[in-house]
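Observations on the three-dimensional arrangement
So you can see what is in the structure, the chains are spelled out below.
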Protein chains: 2
Amino acid sequence: MLDIAIIGSGPAGLSAAINAKIRNKAVEVFGPSLKKSGNLRKAEKIDNYLGFFEISGEEMVDKFIDHASKMGVKFNEGRVVQIFETGDFYTLNVENEFIEAKTIILANGIVNERSIDGETEFLGKGVSYCATCDGPLYRGKTTVLVGDSETAEEDVNYLAGVCKKVYYVPLNKNSNKVDPRVEIVHNDKPVAISGDKTVKSLKLKNQELDVDGVFIIKDQVPTSQLLSGIEIENKAIKVNQNMETNFKGVYAAGDCTGKPFQVAKAVGQGLVAALQAVSYLHENS
Amino acid sequence: MLDIAIIGSGPAGLSAAINAKIRNKAVEVFGPSLKKSGNLRKAEKIDNYLGFFEISGEEMVDKFIDHASKMGVKFNEGRVVQIFETGDFYTLNVENEFIEAKTIILANGIVNERSIDGETEFLGKGVSYCATCDGPLYRGKTTVLVGDSETAEEDVNYLAGVCKKVYYVPLNKNSNKVDPRVEIVHNDKPVAISGDKTVKSLKLKNQELDVDGVFIIKDQVPTSQLLSGIEIENKAIKVNQNMETNFKGVYAAGDCTGKPFQVAKAVGQGLVAALQAVSYLHENS
């Protein structure tokens, strides 16, 4: 079991990770590799993080990853689709691999909390955030996948091999690597999910699709879906000065706690969250 | 008039300074040069500030100063002995030079708030934190200087040229560069200041000195004396998540706000304090 699972591989997550490592905790960072993506990498010049003058985002991110790697921080690029409270610990569903952790640090950045009408209501009743997890439940049935990430295409192709019929509603451009069995719905937008006890249809702006399941695959799962019951205030995770959330042993740091969206603040909060998680572990061991 | 006066030249102060500079504010950092002193400089190896792996304190401090200097941050090594609220702005007494600022960021680190019995009661009535400011008031009189800093010796020598009689109670070792007219009181400790309307004597552990004035010269003025009325809680300046204190336009960041005493937290809070000061300036201009 992990001592600390860190959700997010940005500055807050990495700062938390190195500080947990220094205190010899079993820690793992979940999130897409910053080696490939991230807004910070795109920044041309950063001047506001003390110690680095006129550094590019590219170079800064490389230094951050290098620091964490040299300290032996373990990375997991799997997408965490849900976190469950399981007695005194937590279980992460990482695309159908289940990982247990004593504490959680949420450092998942700015997350679009907007959801489709009915999304929350039908979650687990036809709505899913993970095709490889729940796809098999729809063998021989009709599903639709709404997605905005690279994973979305992999997932829709996975569903094509399992379901009788699969629709794909790409929220951004799609790369045409989609399985020919998938019916791509171009230039339309999801509006509402409806059904009875379970999902019956997805209403789009221009049409309605009769489906048994709706898969919503975004780069990031909305935090309120990731950990049901987490307190959100002004679109940010509500924390106190110790970075504590309303869940015992769950902390948050960085952009997900609200403005300012800055590296220095994220790094500082990541440290505080890690130290608080470490004290919690000592008190509860 | 300064937009932002930053009290303290450590990581919190410098982080605040570079972020205020980026936003084109007139900013000045008050405090002893980190080039010469500071606990951070003495650290052998620092691993917990994201981006720097196995860096020495020496090297880190140099990078910090270099960053701030390259961004044009102005330093003032004068000791701020008192801050007064003056209508909608603040006036700093920097060893008798008076500097005005619209906002203040307190980043004065861990300050020993312990005072001598009677110190607060007789402040301004025979007790002073600044020899060059108040020395002339004691021309031809008897004074004692209690001190623990390098400045203390300079100040006691200054008093020797002004007062009839000067005692010096060094709290640490003294360097023997003291004016021969000064009577050094070895191996004793101040216990209480007493008097009537004004100071009459300083009681030490082993003797009592009849004096008209008591100068207390420490590296750092206790925050509660520096800005009378500032709210202190658990030996730290009380702040909210926006680093606001109980004074309008006065923010605090870094070790002075309490644990953890860590560079990353100081840098993050310095940034937040600067951004808050900047919004305050925009709202009140």
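What counts as what
Residues numbered from 1 in each chain as written. Chains lettered and ligands numbered in written order. Predicted model: local features only at pLDDT ≥ 70, side-chain atom pairs only at ≥ 80, totals over all residues. Heavy atoms only, no water. Axes fitted to C-alpha atoms, helices over the stretch in contact; angles between N-to-C directions. Helix = DSSP H or I, 4+ residues; strand = E, 2+ residues; numbered from the N terminus. Parallel < 35°, antiparallel > 145°, perpendicular 65-115°, else oblique. Left-handed = near helix turned anticlockwise from the far one by under 90°. Contact = heavy atoms within 4.5 Å. Nonpolar A, V, L, I, M, F, W, Y, C, P; charged D, E, K, R; others polar. Pairing = 2+ DSSP bridges. Buried < 20%, exposed > 50% of the residue type's maximum accessible area, 1.4 Å probe, protein only. Disulfide = S-S within 2.5 Å. Salt bridge = Lys/Arg side-chain N within 4 Å of Asp/Glu carboxyl O. Patch = residues over 30% accessible without salt bridge, like charges linked within 9 Å, V, L, I, M, F, W, Y side chains within 5 Å. Areas by Shrake-Rupley, 256 points an atom, 1.4 Å probe, with all protein chains shown as cover. Lys, Arg positive; Asp, Glu negative; His and termini not counted. Charge placed at Lys NZ, Arg CZ, Asp CG, Glu CD. Least-squares fit on C-alpha atoms with pLDDT ≥ 70 in both. 1 Å grid on protein atoms, 1.4 Å probe; cavity = no way out; pocket = protein on both sides within 12 Å on 5 of 7 lines; lining within 4 Å. Points joined across faces, edges and corners; volume = space filled by probe spheres on them.

Bringing the packing of helix α7 (residues 263-283) of chain A against helix α7 (residues 263-283) of chain B into the picture now. For any two helices packed against each other, one specifies the inter-axial angle together with the distance between the axes. Remark: α7(A) packs on α7(B), axes separated minimally by 7 Å, with the N-to-C direction vectors making an angle of 135°. One way to sum up the angle between α7(A) and α7(B) is to call them oblique. At the point where α7(A) passes α7(B), the crossing takes the left-handed sense. For the pair α7(A) and α7(B), the contacting residues are Ala264(A), Lys265(A), Val267(A), Gly268(A), Leu271(A) and Val272(A) in the first and Ala264(B), Lys265(B), Val267(B), Gly268(B), Leu271(B) and Val272(B) in the second. Residues belonging to the contact of α7(A) with α7(B) are distributed by class as follows: eight nonpolar, two polar and two charged.

Attention now moves to the sheet that holds strand β12 (residues 199-204) of chain B. Residues and elements named next belong to chain B. If you trace the three strands from one edge of the open sheet to the other, you get β11-β12-β13, paired in antiparallel fashion. Of all strands in the sheet, those bounded by a partner on one side alone are β11 (190-195) and β13 (208-210). The sheet shows a mean angle of 20° between the axes of neighbouring strands, direction not considered. Examined bridge by bridge, β11 and β12 share five bridges and lie antiparallel to one another.

This part takes up the pairing of strand β14 (residues 213-217) of chain A. All names here are of chain A. Counting buried positions along β14 gives five out of five residues, so the element sits mostly inside the fold. Because side chains alternate across β14, one face comprises the buried residues Gly213, Phe215 and Ile217, and the other comprises Val214 and Ile216, equally buried. Note that strand β8 (residues 142-147) and β14 share five bridges and pair parallel. Paired with Thr143 across the two strands is Gly213, which belongs to β14.

Residues and elements named next belong to chain A. Evaluation of the coordinates by the stated rule reveals two disulfides over all chains. Here Cys130 connects covalently by a disulfide to Cys133, the sulfurs 2.0 Å from one another. Every disulfide takes its handedness from the sign of the S-S torsion; for Cys130 and Cys133 that torsion is 70°, giving right-handed. Across this residue pair, the class does not change: Cys130 and Cys133 are buried.

What follows concerns the pattern of salt bridges. Residues and elements named next belong to chain A. Using the criterion set out here, one finds 22 salt bridges over all chains in the structure. A salt bridge links Lys74 to Glu28; its shortest N-O distance comes to 3.6 Å. Linking Lys74 in strand β3 (residues 74-76) with Glu28 in strand β2 (residues 27-30), this pair joins segments that are 46 residues apart in sequence. A relative accessible area of 8% means that Glu28 is categorised as buried. Among the ionic pairs, Lys45 bridges to Asp47, the shortest N-O distance being 3.6 Å. Given the relative accessible area of 13%, Asp47 is considered buried. The structure contains a network of salt bridges with shared partners spanning Arg41, Glu58 and Asp62.

On the surface, a cluster of positive charge is made up of Arg114(A), Lys189(A), Lys205(A) and Lys235(A). Mapped onto the secondary structure, Lys235(A) falls in the loop between β15 (232-233) and β16 (236-237).

This paragraph deals with the side chain of His67(A). When you line up the elements, His67(A) lands in helix α3 (residues 57-70). Exposure remark for His67(A): the relative accessible area of 1% places this residue in the buried category. Non-local contacts of His67(A), meaning those with residues more than four positions away in its chain, are made with Ile18(A), Asp47(B), Tyr49(B), Leu50(B), Gly51(B), Phe52(B) and Phe53(B).

What follows deals with the sheet that holds strand β10 (residues 182-184) of chain B. Residue and element names in this part refer to chain B. Across the sheet, five strands lie side by side as β7-β14-β8-β9-β10; this open sheet has parallel pairing. The sheet is open, and its two edges are formed by β7 (127-128) and β10, each paired on a single side. In this structure, strand β8 (residues 142-147) lies alongside strand β9 (residues 165-170), joined through six bridges in parallel fashion. In the strand pairing of β9, Val144 is matched with Tyr167. Running at roughly 170° to β9, helix α5 (residues 150-160) makes contact with β8, β9, β10 and β14 (213-217) of the sheet.

Our next topic: the relation of the copies chain A and chain B. Mapping chain A onto chain B calls for a rotation angle of 180° and an axial translation of 0.1 Å; the resulting RMSD is 0.1 Å. On the angle and the small slide along the axis, the relation comes out as a two-fold axis. Considering only C-alpha atoms, the part of chain A nearest the rotation axis is Gly268(A), at 2.3 Å. Here 100% of the contact residues of chain A are again contact residues in chain B; the copies associate through an equivalent surface.

Residues and elements named next belong to chain B. Summed over the entire model, instances satisfying the criterion amount to one cavity of 30 Å³ or more. Volume-wise, the largest cavity comes out at about 30 Å³. Lining the largest cavity are Arg79, Tyr129, Ile216, Lys218, Gln220, Val221 and Pro222. A class-by-class count of the residues in the lining of the largest cavity yields four nonpolar, one polar and two charged.

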